[in-house]
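Remarks on the overall topology
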Amino acid sequence: MKKKWKKLWLAGILAAAFALGGCSGNDNASEAENAIQDGILTVGILAGGDSFASSDGSGFTGIEPQLMDALGESVGAAVEYKPASSQEELLGWLDTGEADIVIGRIAQSDEYSQKYQVSRSYAKKGVYLLTRKNDYTDTLAGFAEMPVGISRKIPSNVRIDIPYLDQVTVQEYDDLSLAAADLKEETVNAVVVTEREALDLISDSGLQAQELLNGPREAYVALMGAGQTDLAAGLNQVISQYLDDQATGADHDQAAQTRALPSETGEEE
C-alpha cells in the first residue's frame, strides 16, 4: 500500500478519553480490563472470503480489517482479531465483553441501535434474489401472490424498500438450507437473501443468485458495547477518512488489492 492512513488530528484526545473512560460499556463486562489501556483493541471479525474481510491463515485483509488497523494506529493500540463463525457469536462477545468492536458485514438496523453503540456506515451492498439454475430473474414483479422466501437476516428497514415484496406471499427462513431445498422442490419460487448468504448458497450447482433490480442496499456498520461513544467517535473519524479517500481515488491501489467494487462503498444517505 503506497499511502498510509493520514494521522487523525484528534488521536491524542481519543487516546486520553479511552484511558479514562474504558472500552467495555456492557454491564456484564464491567470488571473486564480496559483494552486500550492495555494497548490492545480486541476486534471480533467474521471473515467471508470476500473484499470486506478475508483470512489467509496468518492474518486478515479487506475493507473491514483496513478500518480496524487504522483505528488501532490512531489510538496507539495493537489490534487483536478474534475470528467468529457467525454474527450470533460476534454479538455474544459484545454482550460478555470478550470483544471491544465486532465487524463482519453487519447490516444497520434499529434492533442493534437500541442495544449497542453503532458506527456510521462504511459500505453498502444490495440484496439478492436466489433462484433455480437458468432462471435469470432479478425482480419479484412476476411473482404476484406466489410464495417467495426471505431470509430473517434482512431487517425490516430494508424490506420496506424491496420492490413488489408486498405483492408476494412471504415465507420466512431462519435456516437457508431449508430455503434452498424448498426452492429446488418449487415450494417457493425465489428467495430474497443477503449477498453473503447468496455466496454461500450458490455453491449448490442447482441454484444461482442475482442482485435484485432497483432493490435497497444494506448499510454495513461496526458494533460496540452500549455507551462507547469515545470508541465510536474514533471509528467514525476513520470511516470518514476512508470514504473521503475512496471518493477522491486517493487509495486506488489499496482498493484494487481488496477488489472493492463501486457498489461496496458508500456514505450513509
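Residues numbered from 1 in each chain as written. Predicted model: local features only at pLDDT ≥ 70, side-chain atom pairs only at ≥ 80, totals over all residues. Heavy atoms only, no water.

For the coordinates displayed, the defined rule picks out nine salt bridges. E172 serves as the salt-bridge partner of R159, at 2.5 Å between the closest nitrogen and oxygen. Taken as a pair, R159 in helix α5 (residues 156-159) and E172 in strand β10 (residues 169-173) lie far apart in primary sequence, 13 residues in all. (Salt bridge = Lys/Arg side-chain N within 4 Å of Asp/Glu carboxyl O. Helix = DSSP H or I, 4+ residues; strand = E, 2+ residues; numbered from the N terminus.)

Our focus in this paragraph is the packing of helix α2 (residues 63-75) against helix α8 (residues 229-248). Running from N to C, α2 and α8 cross one another at 120°; their axes reach a closest spacing of 9 Å. Overall, the two elements α2 and α8 adopt an arrangement that is oblique. Helix-helix and strand crossings are classified by hand; for α2 and α8 the assignment is right-handed. Of α8, the residues touching α2 (which contributes I63, Q66, L67, M68, A70, L71 and S74) are L231, G234, L235, V238, I239 and Y242. Looking at the contact of α2 with α8 residue by residue, the classes come out as ten nonpolar, three polar and no charged. (Axes fitted to C-alpha atoms, helices over the stretch in contact; angles between N-to-C directions. Parallel < 35°, antiparallel > 145°, perpendicular 65-115°, else oblique. Left-handed = near helix turned anticlockwise from the far one by under 90°. Contact = heavy atoms within 4.5 Å. Nonpolar A, V, L, I, M, F, W, Y, C, P; charged D, E, K, R; others polar.)

Here we come to the packing of aromatic side chains. Counting across every chain of the model gives three aromatic pairs. Geometrically, the ring pair formed by F52 and Y220 is edge-to-face, given 5.4 Å between the ring centres and 85° between the ring planes. Of this pair, F52 sits in the loop between β1 (40-45) and β2 (54-55) while Y220 sits in strand β13 (residues 217-224), placing them 168 residues apart in sequence. The exposure class assigned to F52 is buried, which follows from its relative accessible area of 0%. Judged by centre distance (5.4 Å) and plane angle (55°), the rings of F60 and Y81 are tilted. Taken together, the positions of F60 in strand β3 (residues 60-61) and Y81 in strand β4 (residues 78-83) put the pair 21 residues apart, joining distant regions of the chain. (Phe/Tyr/Trp six-rings, centres within 6.5 Å; stacked < 30°, edge-to-face > 60°. Buried < 20%, exposed > 50% of the residue type's maximum accessible area, 1.4 Å probe, protein only.)

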